[in-house]
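Structural features, examined
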Amino acid sequence: MESSASIVFIESQRMSPRKKTVIEILRDNPGFVSGQAISDSLGISRNAVHKHVNTLRARGFRILGISRRGYRLEEEPRRLVMPVVAKLTQAAALGSSFRYYEEIESTNAEARRLAADGAPEGTVIVAESQLKGRGRLGRTWTSPPGKGLLFSVILRPGIAMTDAHLLTLTAGDAVAEAIEAQAKIPVHLKWPNDLIVDNKKAGGILLEVSGEQDRVDWVVAGIGINVNVEFAELPVALRKTAISLKMATDKTVDRSVLLARILLTLEKAYFDCLSNGFERSLRGFRERDYLLHRSVSVQTREGPVVGEAAGIDDRGALLVELPDRHVRRFHSGDVTLHQ
Ligand code: BTN
């Protein structure tokens, strides 16, 4: 297979102002677009347009081509195109091997099993749909088949158990950065693990850890993102609080490229933490902090605690300033905005 996907990926980072890609032109024009119009708009030859179209076809896009009329996008790939993901991440440590499932109970559950069996760092379990997707605090994570990104990465950081939770912030910041780069929308982080777009939840991170007190054996970083989910596909109960990248941008996002981009961004952030500590992740989180200076309610065993969110401390704990000015620290818990 040709390495067109990496060309799309690199182009979108280098060109300034960025030119559209062939697929974006076809997406923006539901009818036929002539090869000449595409070639004029991109400043490339007709032959090069034809080659791009063929590469897109090899990636699962159904594109009709009729002489003297041009090209029409008939259908986007419904499944992740794993050869594209593998190609884009070929030199990467995260994505050293992929296990792709059409349907699975939960990628995190499978990753835990594999990690306990000795699967190496960088193994990625990815699924089009989950029967029992798991969320934080015992919640479920639902996503219509083929519309989201649902994956888990096995990590073996060899850090102390007491530091492992900080990887949630690392992963959140890396995923947010990758989404921003691809979908061109701002992404905020709601402590500790929610990805927020337009004040709604677009995704979440579920970190599961195993090991001894002084050393983590493995970490499973589970990531769920509403990518191309339509409003009508969201469970009714979530329609006020959830959003997808497509709903936010009105554009279909290439899930294969986004998955690769997230793995590459996460890899960079992860190895930086292992070499230099978590300062960078903490800084990244602080810059995206959705709750900062908002009135919040933290659910605790003793009942809700209401105050103003005051950022996170160097251990990643949420700081909340109470009405009496006293600042309370939360290491875990469910936080909601307080009206
Ligand atoms: C949350 O916001 O509560 C975290 C949601 C994490 C969901 C992802 S989807 C892929 C991975 N597998 C799971 O079962 N859960 C995580």
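Scope of this entry: the structure provided in the associated data block. (Residues numbered from 1 in each chain as written. Predicted model: local features only at pLDDT ≥ 70, side-chain atom pairs only at ≥ 80, totals over all residues. Heavy atoms only, no water.)

Looking at the pattern of salt bridges
Following the criterion strictly, the structure yields 21 salt bridges and no others. The partner of E208 in a salt bridge is R112, and the shortest N-O contact between them spans 2.5 Å. Of this pair, E208 sits in strand 8 (residues 200–212) while R112 is found in helix 6 (residues 107–116), placing the two residues 96 residues apart along the sequence. E233 serves as the salt-bridge partner of K147, at 2.9 Å between the closest nitrogen and oxygen. Here E233 lies in the loop between strand 9 (215–226) and helix 9 (245–249) and K147 lies in the loop between strand 4 (123–130) and strand 5 (148–155), a separation of 86 residues in the sequence. (Salt bridge = Lys/Arg side-chain N within 4 Å of Asp/Glu carboxyl O. Helix = DSSP H or I, 4+ residues; strand = E, 2+ residues; numbered from the N terminus.)

Digging into the pairing of strand 13 (residues 327–330)
Both strand 12 (residues 318–321) and strand 13 contribute to a ladder of four bridges, which runs antiparallel. In the strand pairing of strand 13, L319 is matched with R329. What sits between the antiparallel neighbours strand 12 and strand 13 is a turn of five residues, in which R325 has the positive phi angle 80 degrees. (Pairing = 2+ DSSP bridges.)

Let's talk about the site of the ligand
Near the ligand you find 21 residues, and of these S106, T107, R134, R136 and K201 are the closest. In the model, an oxygen atom of the ligand is placed 2.5 Å from a nitrogen or oxygen of the K201 side chain. Protein contact buries 98% of the 420 Å² of open area that the ligand shows by itself. Of all elements in the fold, only helix 6, strand 5, strand 8 and strand 9 reach the threshold of two or more residues within the shell around the ligand. When grouped by side-chain class, the residues that make up the shell around the ligand number six nonpolar, eleven polar and four charged. (Near = heavy atom within 4 Å. Polar contact = N/O pair within 3.5 Å; in protein donor to acceptor, adjacent residues only side chain to side chain. Areas by Shrake-Rupley, 256 points an atom, 1.4 Å probe, with all protein chains shown as cover. Nonpolar A, V, L, I, M, F, W, Y, C, P; charged D, E, K, R; others polar.)

Focus: the sheet that holds strand 6 (residues 188–190)
Strands in a sheet are paired, the pairing made by backbone hydrogen bonds, and the direction either parallel or antiparallel. With mixed pairing, the seven strands of this open sheet are ordered in space as 3-4-5-9-8-7-6. Edge positions in the sheet fall to strand 3 (97–104) and strand 6, since each has one partner strand and no second. Sheet twist, expressed as the mean angle between neighbouring strand axes with direction ignored, is 20 degrees. Bridge count between strand 4 and strand 5: four bridges; the pairing is antiparallel. (Axes fitted to C-alpha atoms, helices over the stretch in contact; angles between N-to-C directions.)

Observations concerning the sheet that holds strand 11 (residues 303–312)
One open sheet holds the five strands; their spatial order is 13-12-11-10-14, and the pairing between them is antiparallel. Since the sheet does not close on itself, it has two edges, and those belong to strand 13 and strand 14 (334–337), each with one partner. Looking at each pair of strands side by side, their axes are set apart by 45 degrees on average, direction ignored. With four bridges connecting them, strand 10 (residues 295–300) and strand 14 associate as antiparallel partners. The residue bridging Q299 from the neighbouring strand is D334, located in strand 14.

Focus: the packing of aromatic side chains
What the rule picks out here adds up to one aromatic pair. The ring of Y290 carries R294 above its face, with NZ or CZ at 4.2 Å from the centroid. (Phe/Tyr/Trp six-rings, centres within 6.5 Å; stacked < 30°, edge-to-face > 60°. Lys NZ or Arg CZ within 6 Å of the ring centre and 35° of its normal.)

Digging into helix 6
Counting buried residues in helix 6 gives seven out of ten residues, a clear majority hidden from the surface. The set of residues buried in helix 6 consists of T107, N108, A109, E110, A111, L114 and A115. Those residues of helix 6 that are buried are in contact with strand 3, strand 4, strand 5, strand 8 and strand 9. The opening residue of helix 6, the one whose side-chain oxygen lies 3.1 Å from the backbone nitrogen of N108, is S106. Positive phi appears at G118, one or two residues downstream of helix 6, with a value of about 100 degrees. (Buried < 20%, exposed > 50% of the residue type's maximum accessible area, 1.4 Å probe, protein only. Contact = heavy atoms within 4.5 Å.)

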